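As a plain string of letters, each chain reads:
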Amino acid sequence: MVKNLNNLRADFPVLDQTVNDEALVYLDNAATAQRPNQVIAALTHFYQTDNANVHRGVHSLAERATADYEQARRKVQTFINAAEPETVIFTKGTTDGLNLVASTYGEQNVEAGDEIVISIMEHHSNLIPWQQLAHRKNATLKYINLTADGQLDLDDAQAKITDQTKIVAVAHASNVMGTVNPIKRLAQLAHDHGAVFVGDGAQAVPHMAVDVQDLDVDFYAFSGHKMMGPTGIGVLYGKRALLEAMPPYQFGGEMIGFVHQFDSTWAELPYKFEAGTQNIAGAVGLGAAVDYLTAVGMPTVQAHEHEIVNYLLPKLTEMPGVTVYGPQDPANHTGVIAFNLDGLHPHDVATALDMEGVAVRAGHHCAQPLMTYLGLTATARASFYLYNSVADADQLLVALTETKEFFNHGTVETK
């Protein structure tokens, strides 16, 4: 596979189209990424040749499907440098993985008067499970605030994490502001006070090299669809000792050891947490996405996105009437950039950009407490990935200029 990421666009068939008579510029990657031909082919091959249920049959298709499924698990293990494949649990996605931890480890270990610490920038998926756990247990939910430039305030984190803290849960990277959080340091802070650390890796794993052992996170969740895999598949990593002590999340087939009339025993890891027929094809597709990203190289992916942000962020911040949220230094920024255009609702901005072929997201981005903290109701958000280019950034700038002209003057120049 070529290392020049500008040549990768041809691998993504969905990008080869026009929208509103303009070449598509897809900048909604924080919501979901597009899939390369290699992932689509892996899914097609599985359904055409190996489709069967896993771990249950002794016929050839069942054995091949099981081998495909477990090979995908090992690929993920290597990709995030988990110590062993048994610590990689397949889930429906990041939300499912975080709920699993809250509903098992949280229920077991959080009591009245304990503290759960998260940050104000969290996606609802890494907020509501802890909010509801705190309600059920009569525990205290605490929020780490931000610095003036949109970074996590480590001094506030040190103050908020105490000996009463049982769980610290923070996103590795913000889905709104592109902030990269120091979760290795946060994990150390949690451990210093006897708490566990839960990382939301949804916006990190697709964009940078992640080593869960080096980060020393206790749990880490991410989604396949944000890293070019299928929807409906995700991963929860957990340290073995913690996972073994946790009760199952769901009950039924596949996760059992033996079922008696009035009692049951549970399967070993990871199957204890994989009840029912899993998204087998999704796991295979996720494995193919891991292969693709591995071939490109995560340092290459990260460097490519930094090149785009280094180019775009200064131009966007200097554009009259545009307000950019989050770190202004591209060095501490993923390819996620949230902004507003003075006097215009973000939905109007997104609709106008779509008329120019540029797909961005507008809304609260499932981060309403952050919006309230920033004094906003919504923003527009452009998010870049490995198949985007500086030319895409230029097209965003052109489309924003034309949007401003249209709303200021009621017309735009004929192309």
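Heads up: the structure comes first, above all this text.
A brief structural summary.

A separate point is helix H1 (residues 37-50). Here H1 spans 19 Å end to end across 14 residues, near enough to the 20 Å set by a 1.5 Å rise per residue. For H1, the secondary structure elements touched by its buried residues are helix H2 (60-80) and helix H9 (280-296).

Reported here for the largest pocket is a volume of approximately 380 Å³. Looking at the largest pocket, it is lined by 27 residues, and the ones nearest its centre are His-123, Ser-125, Asn-175, Gln-203 and Lys-226. Counting residues per element, the ones that place at least two in the lining of the largest pocket are helix H3 (94-109) and strand E16 (361-363). Its residues assigned to classes, the lining of the largest pocket comprises 8 nonpolar, 13 polar and 6 charged. Residue lining of the second largest pocket: 16 residues in total, with Thr-91, Lys-92, Asp-96, Gln-250 and Gln-278 positioned closest to the centre. Elements with a minimum of two residues in the lining of the second largest pocket: strand E4 (88-91) and H3. A per-class count over the lining of the second largest pocket returns 7 nonpolar, 6 polar and 3 charged.

So, about the sheet that holds strand E7 (residues 165-171). Hydrogen bonding along the main chain pairs the strands of a sheet, whether they run parallel or antiparallel. Taken together, the 7 strands give an open sheet; going across it, the order is E4-E10-E9-E8-E7-E5-E6, and neighbouring strands pair in mixed fashion. Sheet topology places E4 and strand E6 (140-144) at the edges, where each strand pairs with a single neighbour. Direction aside, the axes of adjacent strands within the sheet are offset by 20° on average. Inspection of the sheet shows E7 paired to strand E8 (residues 196-200) by 5 bridges, in the parallel sense. Across the sheet, residue Ile-167 finds its bridge partner in E8, namely Val-196. Against the sheet, helix H4 (residues 128-137) touches strand E5 (115-119), E6, E7 and E8, its axis set at about 160° to E5. Contacting E7, E8 and strand E9 (219-223), helix H6 (residues 183-192) runs over the sheet at an angle of about 155° to E8.

This part is about the packing of H2 against H9. Relative placement of two packed helices is described by the angle separating their axes and the distance separating the axes. For the pair H2 and H9, the least separation of the axes is 8 Å and the interaxial angle reads 40°. With respect to H9, the axis of H2 lies oblique. Regarding H2 and H9, the two cross each other, and that crossing is left-handed. For the pair formed by H2 and H9, the contact residues are Ala-65, Asp-68, Tyr-69, Ala-72, Lys-75, Val-76 and Phe-79 on the first element and Ile-280, Ala-283, Val-284, Leu-286, Gly-287, Val-290, Asp-291, Leu-293 and Thr-294 on the second. Of the residues assigned to the contact of H2 with H9, the class counts are 11 nonpolar, 2 polar and 3 charged.

A few words now on the environment of Pro-314. Mapped onto the elements of the fold, Pro-314 is located in helix H10 (residues 298-318). According to the relative accessible area criterion, Pro-314 is partly exposed, its value standing at 33%. Pro-314 sits 16 residues away from Pro-330 along the chain, and the two C-alpha atoms are 8.6 Å apart.

Cut-offs applied
Residues numbered from 1 in each chain as written. Predicted model: local features only at pLDDT ≥ 70, side-chain atom pairs only at ≥ 80, totals over all residues. Heavy atoms only, no water. Helix = DSSP H or I, 4+ residues; strand = E, 2+ residues; numbered from the N terminus. Expected span 1.5 Å × (residues − 1). Contact = heavy atoms within 4.5 Å. 1 Å grid on protein atoms, 1.4 Å probe; cavity = no way out; pocket = protein on both sides within 12 Å on 5 of 7 lines; lining within 4 Å. Points joined across faces, edges and corners; volume = space filled by probe spheres on them. Nonpolar A, V, L, I, M, F, W, Y, C, P; charged D, E, K, R; others polar. Pairing = 2+ DSSP bridges. Axes fitted to C-alpha atoms, helices over the stretch in contact; angles between N-to-C directions. Parallel < 35°, antiparallel > 145°, perpendicular 65-115°, else oblique. Left-handed = near helix turned anticlockwise from the far one by under 90°. Buried < 20%, exposed > 50% of the residue type's maximum accessible area, 1.4 Å probe, protein only.

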